[in-house]
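Observations on the three-dimensional arrangement
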2 protein chains.
Amino acid sequence: MLHLGDVFPKFTADTTQGEINFYEWLDESWGILFSHPSDFTPVCTTELARVLTLVPEFKKRNVKVIGLSCDTVESHNDWCKDIQCYAGCNENEPFPYPIIEDKARNLAVKLGMVDKDELDSSGIPLTARAVYIIDPKKKFRLSILYPATTGRNFESNPIIATDQAKVRPSWAPLNWNAKRVMSDSPSRGPLSGALETSHSM
Amino acid sequence: MLHLGDVFPKFTADTTQGEINFYEWLDESWGILFSHPSDFTPVCTTELARVLTLVPEFKKRNVKVIGLSCDTVESHNDWCKDIQCYAGCNENEPFPYPIIEDKARNLAVKLGMVDKDELDSSGIPLTARAVYIIDPKKKFRLSILYPATTGRNFESNPIIATDQAKVRPSWAPLNWNAKRVMSDSPSRGPLSGALETSHSM
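Notes on the structure follow. (Residues numbered from 1 in each chain as written. Chains lettered and ligands numbered in written order. Predicted model: local features only at pLDDT ≥ 70, side-chain atom pairs only at ≥ 80, totals over all residues. Heavy atoms only, no water.)

**Considering the overall build of chain A**
The criterion, for reference: By the criteria applied, helices consist of DSSP H or I runs no shorter than four residues and strands consist of E runs no shorter than two, each listed in order from the N terminus. Categorising residues by exposure relies on relative accessible area from a 1.4 Å probe, with only protein chains included: less than 20% of the type maximum marks a residue as buried, more than 50% marks it as exposed, and the intermediate range marks it as partly exposed. Pairs of residues are marked as contacts when any of their non-hydrogen atoms sit within 4.5 Å. Areas reported here follow the Shrake-Rupley algorithm with a probe of radius 1.4 Å; residue values treat only the protein chains shown as occluding.
On a plain count of helices and strands, chain A comes out with 6 helices and 9 strands. Residues classed as buried in chain A amount to 57% of the 201 residues present. Look at the contacts in chain A between residues 6 or more apart in sequence, and 64% of them connect residues 24 or more apart. Roughly 8,300 Å² of accessible area belongs to chain A as shown, and the carbon and sulfur atoms make up 50% of that amount.

Shown next, in the form of structure tokens:
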């Protein structure tokens, strides 16, 4: 079982940008590896379009993004035009992040990304709506696993908090968002100034 | 490895409400099992206080809540007064949800809730900020695993979307929240009315 703080598994995969060695591709960046149940479905289209519009923000923060589903590279490539169109982007531009083909679910099963309650037409489990955050040292830092029925919220991007916390160090309080100032004191002890800070935000 | 759609493991645990058999305690309800790194720390206090104020909402929706950390029942009980005080509740009332004692990390390790980057004073990993949603059939339906540094957002409670989706069925779109109407069409196919609905929200 993959725990937070574990070294993230090495893998190579076929993607819309050719075969990718995950470690080499990630290099010195933070990574967001996220999966969706199926190409050409409404909620997935809105999610991948939202990620598309966030790519400049991710780049500013040294974050690379990579998608994954059980569909083929050919299907992903066709669908990317729809995503660009929905996002109001030029569909003739190259799609700015790769999407992995995982037809056999080898990677999805290894990484715990399948949802056994969501089956394809052959009765094989689809990928869940997973979001995995991997830091530049290839450590597994954060995970979200939502079922197909529940769209994700990419606005409250937790990588910002996780990253800032390592750099400063500081903590993101309850219901934080990127605009909020972080708390200062992660130390155990009597309720301190940090609590007051988060209370007042 | 625990996957979405798996039957959630049976367990018994010592809690602030005595020994609990998880399956019997859950009965016919949805369950939120959530962990925190350490009692008497600022972010955890704000999180557990927020859950405390949400208990009436959870009750309306047939959801039971249970906390977990590596601290003792005695520590949890002392800390509950602080949480009630911070939440503006009467600290002489019984605390409305149980908190599990998992000193040996047996349950946290079994359920993948530890964070190997966050250690206690003896160098043993603490529990992460996990949120696991289990449905009335004891199936594992959704998970969030945040590191200690990153406070959770209990406002956008995904159980509402997951539950409604099973009942209706309908889908929660991108960036949904409890006030938003759900999409109607989860089916694979050309971009449909559901996409228009989520786009317009």
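**Brief notes about the environment of Met1(A)**
Mapped onto the fold, Met1(A) is located in the segment before β1 (12-15). Once the C-alpha coordinates of Met1(A) and Lys110(A) are considered, the two residues, 109 residues apart in sequence, prove to be 9.1 Å apart. If we skip the residues at most four places from it in the chain, Met1(A) touches Asp6(A), Met1(B), Leu2(B), Val109(B), Lys110(B), Leu111(B) and Gly112(B).

**Structural notes on the nonpolar core**
Where a protein is soluble and globular, its nonpolar side chains tend to be buried together. Selection criterion: Residues belong to a common nonpolar core when they are buried Ala, Val, Leu, Ile, Met, Phe, Trp, Tyr or Cys residues joined through side-chain atoms within 4.5 Å.
Counting 50 residues, the largest nonpolar core has Phe8(A), Leu33(A), Tyr132(A), Phe8(B), Leu33(B) and Tyr132(B) as the members making the most contacts within it. Counting residues in each nonpolar core, the second largest holds 48 residues, with Leu52(A), Phe95(A), Val131(A) and Tyr146(A) among its members.

**Re the packing of helix α2 (residues 42-60) of chain A against helix α3 (residues 73-86) of chain A**
Residue and element names in this part refer to chain A. Heads up, the rule is: Between N-to-C directions, angles span 0 to 180 degrees; the directions come from axes that are lines fitted to C-alpha atoms, helices contributing only their stretch in contact. In these notes the angle categories are as follows: under 35 degrees is roughly parallel, over 145 is roughly antiparallel, 65 to 115 is roughly perpendicular, and the rest is oblique. Left-handed describes a crossing whose near helix is turned anticlockwise from the far helix by less than a right angle; the clockwise case is right-handed. Under the grouping applied here, Gly and all other residues not named as nonpolar or charged are polar, the nonpolar ones being Ala, Val, Leu, Ile, Met, Phe, Trp, Tyr, Cys and Pro and the charged ones Asp, Glu, Lys and Arg.
One way to put it is that α2 packs onto α3 with a least axis distance of 9 Å and a crossing angle of 70°. The orientation of α2 relative to α3 falls into the category roughly perpendicular. For the element pair α2 and α3, the recorded crossing hand is right-handed. For the pair formed by α2 and α3, the contact residues are Cys44, Thr45, Thr46, Leu48, Ala49 and Leu52 on the first element and Trp79, Ile83, Gln84 and Tyr86 on the second. Tallied by class, residues from the contact of α2 with α3 come to 7 nonpolar, 3 polar and no charged.

**Some points on unusual backbone geometry**
A positive phi angle is found at Asp27(A), which is not glycine, with a value near 55°. Examined against the element boundaries, Asp27(A) turns out to sit in the loop between α1 (22-26) and β3 (30-35). In this structure Asp27(A) comes out as partly exposed when scored by relative accessible area, which is 44%. Despite not being glycine, Phe40(B) shows a phi value in the positive range, around 60°. Considering the arrangement of structural elements, one finds Phe40(B) in the loop between β3 (30-35) and α2 (42-60).

**Some remarks on the packing of aromatic side chains**
Residue and element names in this part refer to chain A. Put simply, the rule is: Here the aromatic set is Phe, Tyr and Trp, taking the six-membered ring for Trp, and pairing holds for ring centres within 6.5 Å; pairs whose planes are under 30 degrees apart are stacked, those over 60 apart are edge-to-face, and all others are tilted. In our convention, an over-ring charge means Lys NZ or Arg CZ found within 6 Å of a ring centre and within 35 degrees of that ring's normal.
Overall, the coordinates contain 18 aromatic pairs over all chains when judged by the stated rule. Ring geometry for phenylalanine 8 versus phenylalanine 140: centroids 5.7 Å apart, planes at 50°, classification tilted. Here the residue phenylalanine 8 occupies a position in the segment before β1, and phenylalanine 140 occupies one in strand β9 (residues 140-146), the gap between them amounting to 132 residues. Residue classification places phenylalanine 8 among the buried residues on the basis of a relative accessible area of 1%. By way of ring pairs, the aromatic residues Phe8, Phe11, Phe22, Trp25, Tyr132 and Phe140 are connected into one cluster. Across from the ring centre of tryptophan 25, 5.7 Å away, lies the NZ or CZ of lysine 64, which sits over that ring.

**Section: the side chain of Asp102(B)**
Along the chain, Asp102(B) turns up in the loop between β5 (99-101) and α4 (106-110). With residues up to four places along the chain from it excluded, the contact list for Asp102(B) reads Leu68(B), Ser69(B), Cys70(B), Asp71(B), Leu107(B) and Ala108(B).

**A few points about the pairing of strand β2 (residues 18-21) of chain B**
Residue and element names in this part refer to chain B. Short version of the rule: A strand pair is defined by DSSP finding two or more bridges across the two strands.
Note: strand β1 (residues 12-15) against β2, 4 bridges, orientation antiparallel. Bridged to aspartate 14 within β2 is glutamate 19. Hairpin connection between β1 and β2: a loop of 2 residues separates the two successive antiparallel strands.

**Describing the pattern of salt bridges**
Selection criterion: Whenever Lys or Arg places a side-chain nitrogen within 4 Å of a carboxyl oxygen from Asp or Glu, that contact is recorded as a salt bridge.
Evaluation of the coordinates by the stated rule reveals 14 salt bridges over all chains. Between Lys116(B) and Asp6(A) there is a salt bridge, with its nearest N and O atoms 2.6 Å apart. Placement of Lys116(B) in strand β6 (residues 114-119) and of Asp6(A) in the segment before β1 is noted, with the two residues assigned to different chains. Of the charged contacts, one joins Arg129(B) and Glu47(B) as a salt bridge, the two residues approaching to 2.9 Å between their closest N and O atoms. Separated by 82 residues along the polypeptide, Arg129(B) in strand β8 (residues 129-134) and Glu47(B) in helix α2 bring together distant segments of the chain.

**Observations regarding helix α3 (residues 73-86) of chain B**
All names here are of chain B. Keep this limit in mind: Multiplying 1.5 Å by the helix residue count minus one yields the expected span of that helix. A residue's bend is given by the angle between axes fitted to the 7 residues ending at it and the 7 residues starting at it.
Its 14 residues place the ends of α3 20 Å apart at the C-alpha level, agreeing with the 20 Å of an ideal helix rising 1.5 Å per residue. Most pronounced at tryptophan 79, the bend in α3 amounts to some 25°. Within the sequence span of α3, burial applies to Val73, Ser75, His76, Trp79, Cys80, Ile83 and Gln84. Lining the buried residues of α3 we find β1, α2, β4 (63-69) and β5. Just past α3, the residue glycine 88 takes up positive phi, approximately 75°.

**Thoughts on the environment of Asn92(B)**
All names here are of chain B. By secondary structure assignment, the location of asparagine 92 is in the loop between α3 and β5. Classification of asparagine 92 as exposed rests on a relative accessible area of 68%. C-alpha of asparagine 92 to C-alpha of lysine 81: the two residues are 11 residues apart in sequence and 7.8 Å apart in space.

**What to know about the side chain of His36(A)**
Along the chain, His36(A) turns up in the loop between β3 and α2. Those residues in contact with His36(A), other than ones at most four positions away along the chain, are Cys44(A), Leu48(A), Leu68(A), Ser69(A), Asp71(A), His76(A), Trp79(A), Ile99(A), Thr127(A), Ala128(A) and Arg152(A).

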